[in-house]
Amino acid sequence: MTCHIYTHKETSHISSPREGPLTGLKIVVQPNMSVTGWPTNAGSRALNGYVALEDATVVKRLRSGGATLVGSARMSELGFGLGGDTLAEACSGDEVTVGLITDTMGEARIASAVSGMFGYKPSFGIISRLGMIGLIPSMESCGIVGKHLENVIAVAEVIAGFDENDFSMADEPLPDLGESMKSLRIPSTVGVIEECHRMLNESEKNVFKAGITKLKDKGFKIKELSFENFELFRAVHNVIGSVEASSSSGKYDGVRYGHRAASDKNWNDMYLKTRGESFGTLIKSYLFQGAYFQFENYPSFEDACRIRGGLVRKMSRLLETVDVIALPTRRLMFDATNATTIAETYEAFSFTVPANVTGQPSLSIPRFASDSTGDVGLQILGEHKSDVRLLALGMELSSIVKGV
Amino acid sequence: MRYEAVIGLEIHVQLNTITKLFCDCPNSPGDEPNKNTCPTCLWLPGALPRLSADALEKATLACLALNCTIQPESAFDQKVYYYPDLPKGYQLSQHHKPLARNGWIDIIGEDGELKRLRIHHVHMEEDVARLVHETEGKTPISLVDFNRAGAPLIEIVSEPDLRSPHDAIEYVKALRTQLRYTGSAECSMEQGTLRVDANISMRPVGSDAFNTKVEVKNMNSIRNVAEAIAYEIKRQTESIEKGEPIVLHTRLWDPDKRVTLPMREKFSGPCVPDPSVPRIVVTPDWLDKIQMRLPEMPMQKANRFLKDYGLTPEEAAGMSQERDMSEFFEEVVRKGLPVRRVASWIVTHLMPALRDRNQTIRETTITTNRFAELLTMLESGVINAHAAKEVLLQLLSDDQSPEEIVEKGSLRQVSDTAELEGLIDKILADHPSDVEEYRQGNAKIMGFFMGLAMKASQGKANPKLLKEILTKRLG
């Protein structure tokens, strides 16, 4: 069964879910998360009719944690941006408690900020990517979205942790989120980046400042930081992201699954027609751009890789002076769901791409950096693998929100 | 003007690991098509590569055998190109950070002198699928067999130190010997587990320029490598003499016409660091462990055979060429048989027999025990050399004991003087003119009588005794 929200909806829950920490939680995923037997087209005609053969590691863990898988919502093509994405809509109703959405450039955080929910992008390498049809392998994580942070954390606790089949994960145990949080010192120093403010327009600036003021009022120490060339995050994500996307989408040739164009000439002609017909305009231009850097302008890609290293180090240094960094999650001026070009897309994701570039954990909190003109979302970023502290701070701030 | 060739070889060797490079599928490309496949080697959406520890270890062992320096850090890149044998659009290979660099191999050059050929680097990569072109009715179709997709390869890239077909033959042979010794690879050109591409350019003798090169592929034997290079040297020299420019391109060796034919412009796609396979960081401890697994290599072994067993340089080299054979030799010697006898029987009888059968010693039924038993019977005069050769051939194909074979074939040596005397007397009586000739001083006639007598005894006569009797009777 499909509708405007779901591409697939599970109607028959053959066996009742197991007893576990997630019993009673209803989860929606995207059609890029492998669930055995579900159509898994990753939002693209290039995967038309592809049905997952096996559960993703994340899905296996959800099942054994007792969660109910409700279905998969519509997603942007191959998960680039949020065009046509319905996951947040699915989560805002009563039917679903938590949604899983691949955070490639900030999708989990922006989708939740737009709809008044919590959006969490875990540290790179703490949640298995096996069975998740990705686009930009070095930047993406399985993001978690929900109205209640407790549920988001509960799901994170079950799905995070080493998977011997995902070699990009570090072989080290993850602390028990729930337990560690209780005994943790809640971070108290929050850094704000001067250069970010300059990228905002007046009304966005005011909304974000309202959030910072709230933090101050609650006793948090605010520290002004400078991050020169902050806009480089966007450029680096754009160059490296498009190159990785071009590579990882090379497999969509229409031979084994997906749309296949008729061709009476030869295989090369068939490939060209198939890919030409399969991809939509936005992703096509992104893949083109990636191929351009691969074939025609490799030095720029190398520059981007080098600059990425510099940005990671710089971010680490800043986080030695504060507990977390606060950023707005989204722009009010740019609607991520309506972006039709690469430039518009990156404009809308300006403040979320840094965590994807560096691999840091990041959490977007609703109704905090907000006023009558809107909610930009309060995005907090912590050091790599400091997810527990970040989520603990999130809980603290969420109680403030509830108290307001 | 005289020209010399500048030749570099790129050699792909398939490692003999149990599984493929990035998944647990059997590394057995010859099986029924598409039997050994999984989401990873088919690159279905959502699959992830998992680097095989075994492949990394075997690759490292191979690099050590080629005197390379293992790099503290190496990493996989995506070699981007689109072709039906590579449906994910890129080959995982090590371009920017190869596993090992700066190796060498020694050969004997054409002038008889030792020549050191340098190896630029060795990197790991995955093999691609195999395409099968057929017709369905009248429509040509291409089928893809993924059994080979993801099989572990190493590519050994030489420096352009080679100058002749001779160098190429010796380089490939030496490299094959070294790699087989490590047990990491079979290195059979016929079976495609060792593939050679040659880059060839020409320059005036005395120049140290590197001119435009031509790549030649598709040689499936060492002889073909040498012939293709010789052909290409001639072809390029003629072009240069005619004033035609050499263009960078790839040519295919045509084994039937024995010529190289142009295939395409030399293609080199981009190489992008792969984000999914973690980089390889080699620790000294790990490297020590691999180093310990490196066996005594053929050169050292030959030297030891020379010193410890008093073999000739030829015997020592022959005996150490293949690891299995060298171990076989030492085990037989340890059973107390005379070294030179063992060595000469291996070199002159066992090895040629294996070559005739196109088998390795492991593929036959012979064991060191049965071989030693055979030589013992020969030593003690139970059988003669002629019979021993016959027994040896049987030892290779069934598992009867040498004793059984001798009894069943009545191959026991005849050392009965009376029997041999009777036999000789009859021959001498039948050939009075030859007897006369011998007595006139033609000593060669002795060989003729020996041959007749041996034949009359059905090859079983004790040759020593035979000669004694003949000498007595003729003298």
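Cut-offs used in this document
- Along each chain, numbering runs from 1 in the same order as the chain's sequence is written.
- Lettering of chains starts at A and numbering of ligands starts at 1, both following the order in which they are written.
- Confidence filtering applies because this is a predicted model: local features only for residues at pLDDT of at least 70, side-chain atom pairs given and counted only at 80 or more, and all residues used for totals across whole chains, interfaces and linings.
- Hydrogens and water are ignored here; the side-chain numbers use all heavy atoms of the structure.
- For the purposes of this entry, the term helix denotes a DSSP run of H or I that reaches at least four residues, the term strand denotes a run of E that reaches at least two, and both are numbered from the N terminus.
- For a compact globule the rule gives 2.2 Å times the number of residues to the power 0.38, and the radius of gyration it is set against comes from C-alpha atoms.
- Working rule for contacts: check all heavy atoms of both residues, and any pair within 4.5 Å makes them a contact.
- Here, Shrake-Rupley sampling with a 1.4 Å probe gives the accessible areas, and only protein chains in the shown set may cover a residue.
- Put simply, buried area is the surface a 1.4 Å probe can reach on two separate parts but cannot reach once they are joined, added for both.
- For this document, the term salt bridge refers to a Lys or Arg side-chain nitrogen within 4 Å of an Asp or Glu carboxyl oxygen.
- Throughout this description, a polar contact denotes any pair of N or O atoms lying within 3.5 Å of each other; where both atoms belong to protein, one of them has to be capable of donating a hydrogen while the other can accept it, and for residues adjacent in sequence the pair is counted only when both atoms sit in side chains.
- Each residue gets a pLDDT score, which is the predictor's confidence in that residue and runs from 0 to 100.
- Source of the domain bounds: an automatic or database domain assignment.
- Two strands qualify as a pair provided that DSSP identifies no fewer than 2 bridges between them.
- Every angle, taken between N-to-C directions, lies between 0 and 180 degrees, and every axis is a line fitted to C-alpha atoms, over only the stretch in contact when it is a helix.
- To pair, rings of Phe, Tyr and Trp, with the six-membered ring standing in for Trp, must have centres within 6.5 Å; the planes then decide the type, stacked if under 30 degrees apart, edge-to-face if over 60, and tilted in the middle.
- Throughout this description, buried means an accessible area under 20% of the type-specific maximum (1.4 Å probe, protein chains only), exposed means over 50%, and partly exposed covers the range between.
- In this description, a nonpolar core means a group of buried Ala, Val, Leu, Ile, Met, Phe, Trp, Tyr and Cys residues linked to one another through side-chain atoms lying within 4.5 Å.
- An angle below 35 degrees is treated as roughly parallel, one above 145 as roughly antiparallel, one from 65 to 115 as roughly perpendicular, and anything else as oblique.
- It is the rotation of the near helix from the far one that decides the hand of a crossing: anticlockwise by less than a right angle makes it left-handed, clockwise makes it right-handed.
- Between the first and last residue of a helix there are one fewer steps than residues, each counted as 1.5 Å, and that sum is the expected span.
- The reported arc concerns the directions from the helix axis to the C-beta atoms and nothing else.

1. Brief notes about the overall build of chain A
And then number 1: A count of helices and strands for chain A gives 14 helices and 13 strands.
And then number 2: Computed over C-alpha atoms, the radius of gyration of chain A comes to 20 Å, within 12% of the 22 Å expected from 2.2 N^0.38 for 404 residues, which places it in the range of a compact globule.
And then number 3: Excluding contacts between residues fewer than 6 apart, the proportion of contacts in chain A whose partners are at least 24 apart in sequence is 76%.
And then number 4: For chain A, the computed accessible surface area is about 15400 Å², with 52% contributed by carbon and sulfur atoms.

2. Topic: the overall build of chain B
And then number 1: Regarding its fold elements, chain B presents 15 helices and 16 strands.
And then number 2: Relative to its length of 475 residues, chain B is extended, with a C-alpha radius of gyration of 29 Å against a globular reference of 23 Å.
And then number 3: The principal-axis extents of the C-alpha atoms in chain B amount to approximately 85 × 60 × 55 Å.
And then number 4: For chain B, restricting intrachain contacts to residue pairs at least 6 apart in sequence, the fraction spanning at least 24 positions comes to 68%.

3. Some remarks on the interface of chain A and chain B
And then number 1: The interface of chain A with chain B comprises 33 residues on the first partner and 27 residues on the second.
And then number 2: A combined buried area of about 2500 Å² lies between chain A and chain B, and 66% of that area is made up of carbon and sulfur atoms.
And then number 3: It is Phe167, Arg256 and Trp267 of chain A that lose the most area in chain A upon contact with chain B, and together they represent 23% of the buried surface on that side.
And then number 4: Our count for the chain A to chain B interface comes out at 0 salt bridges.
And then number 5: At the boundary of chain A with chain B, the tally comes to 6 residue pairs in polar contact (both at pLDDT 80 or more).
And then number 6: Secondary structure elements with two or more residues in the side of chain A that touches chain B: helix H8 (232-248), helix H9 (267-278), helix H10 (281-295) and helix H11 (298-318) of chain A.

4. Regarding the confidence of the model for chain B
And then number 1: Per-residue confidence for chain B averages 90 on the pLDDT scale, and 100% of its residues sit at or above 70.
And then number 2: Scored by ipTM, the complex comes to 0.91, with pTM at 0.87.

5. As for the domain arrangement of chain B
Many authors give the size of an interface as the accessible area that is lost as the parts come together.
And then number 1: Each assigned domain of chain B is listed with its residue range as follows: domain 1 (3-286), domain 2 (296-408) and domain 3 (417-474).
And then number 2: Distance from the C-alpha centre of domain 1 of chain B to the C-alpha centre of domain 3 of chain B: 61 Å.

6. Overview of the sheet that holds strand E1 (residues 6-9) of chain A
Residues and elements named next belong to chain A.
And then number 1: Ordered by their spatial adjacency, 11 strands build an open sheet running E1-E3-E2-E4-E6-E5-E10-E13-E9-E7-E8, and the pairing between neighbours is mixed. At either end of the open sheet lies a strand with only one pairing partner, and these are E1 and strand E8 (221-225). Between one strand axis and the next, the sheet turns through 25 degrees on average, direction left out of account.
And then number 2: Relative to strand E3 (residues 68-73), strand E2 (residues 26-29) runs parallel, the two being bridged by 4 bridges. The partner of Ile27 across the bridge, within E3, is Leu69.

7. Comments concerning the packing of aromatic side chains
Given two aromatic rings, one states the distance between the centres and the angle between the planes to describe the pair.
All names here are of chain A.
And then number 1: Evaluated as defined, the whole model comprises 19 aromatic pairs over all chains.
And then number 2: Their ring planes at 50 degrees and their centres at 4.9 Å tell us that Tyr50 and Tyr257 sit as a pair that is tilted. Of this pair, Tyr50 sits in the loop between E2 and helix H1 (57-64) while Tyr257 sits in the loop between H8 and H9, and the two are 207 residues apart along the sequence.
And then number 3: For the ring pair Phe230 and Phe233, a centre distance of 5.4 Å and an interplane angle of 65 degrees mean the geometry is edge-to-face.

8. Focus on unusual backbone geometry
All names here are of chain B.
And then number 1: The backbone of Asn67 sits at a positive phi, close to 60 degrees, despite the residue not being glycine.
And then number 2: The topology assignment puts Asn67 in the loop between helix H1 (53-65) and strand E2 (69-70).
And then number 3: Although it is not a glycine, Asn218 adopts a positive phi angle of roughly 75 degrees.
And then number 4: Within the fold, Asn218 resides in strand E12 (residues 214-219).
And then number 5: Relative accessible area serves as the criterion here: at 45%, Asn218 is assigned to the partly exposed category.

9. Some words on the side chain of Ser44 of chain A
Residues and elements named next belong to chain A.
And then number 1: The topology assignment puts Ser44 in the loop between E2 and H1.
And then number 2: Ser44 sits in the buried class, given a relative accessible area of 2%.
And then number 3: Excluding residues within four positions of it along the chain, Ser44 makes contact with Glu77, Leu78, Ser278 and Phe279.

10. Things to note about the pattern of salt bridges
And then number 1: According to the stated counting rule, one finds 45 salt bridges over all chains in the structure shown.
And then number 2: Across the pair Asp24 of chain B and Arg50 of chain B runs a salt bridge, and its minimum N-O distance is 3.2 Å. Of this pair, Asp24 of chain B sits in the loop between strand E1 (3-14) and H1 while Arg50 of chain B sits in the loop between E1 and H1, and the two are 26 residues apart along the sequence.
And then number 3: In this structure Asp24 of chain B comes out as exposed when scored by relative accessible area, which is 58%.
And then number 4: Note that Arg130 of chain B is salt-bridged to Asp145 of chain B, the shortest N-O span being 3.5 Å. Residue Arg130 of chain B is found in strand E8 (residues 130-136), and its partner Asp145 of chain B is found in strand E9 (residues 139-145); the two are separated by 15 residues along the sequence.
And then number 5: A single salt-bridge network, built from bridges that share partners, covers Glu204, Arg234, Arg331 and Glu347 of chain A.

11. Some points on the nonpolar core
And then number 1: By size, the foremost hydrophobic cluster in this structure holds 191 residues, and its most contacted members are Leu100 of chain A together with Leu9, Ile156 and Tyr171 of chain B.
And then number 2: When residues in this core are grouped by element, the largest group, 8 residues, is from helix H14 (residues 387-403) of chain A.
And then number 3: The next biggest cluster of nonpolar side chains, apart from the first, holds 39 residues, and it includes Tyr309, Val332, Ile361 and Leu395 of chain B.

12. Observations regarding the packing of helix H5 (residues 298-309) of chain B against helix H7 (residues 323-334) of chain B
Helix-helix packing is characterised by the crossing angle of the two axes and by the distance between the axes.
All names here are of chain B.
And then number 1: It is at 12 Å that the axes of H5 and H7 come closest, and there the two elements cross at 20 degrees. Put simply, H5 runs roughly parallel to H7. Of the two elements, H5 crosses H7, and the hand of that crossing is left-handed. For the pair H5 and H7, the contacting residues are Lys301, Arg304, Phe305 and Tyr309 in the first and Ser326, Glu327, Phe329, Glu330 and Val333 in the second.

13. Remarks on H5 of chain B
Residue and element names in this part refer to chain B.
And then number 1: Taking 1.5 Å of rise per residue, 12 residues should cover 16 Å, and H5 covers 15 Å from first to last C-alpha, within 8% of that figure.
And then number 2: Every buried residue of H5 is accounted for by Pro298, Lys301, Ala302, Phe305 and Tyr309. Axial view of H5: buried residues confined to an arc of 100 degrees, hence all on one face. Facing away from the buried side of H5 by more than 90 degrees, the exposed set consists of Met299 and Lys307.
And then number 3: Looking at the buried residues of H5, the elements they touch are helix H2 (165-182), helix H6 (313-320), H7 and helix H8 (339-357).
And then number 4: Backbone geometry just downstream of H5 places Gly310 in the positive-phi region, at approximately 65 degrees.

14. Some remarks on the pairing of strand E6 (residues 100-108) of chain B
All names here are of chain B.
And then number 1: Bridge analysis of E2 against E6 gives 2 bridges, and the strand direction is antiparallel. Within E6, the position partnered with Ile70 by the bridge is Ala100.
And then number 2: In this antiparallel pair of consecutive strands, E6 and strand E7 (residues 114-126), the connection spans 5 residues, and Gly112 shows a positive phi of 85 degrees.

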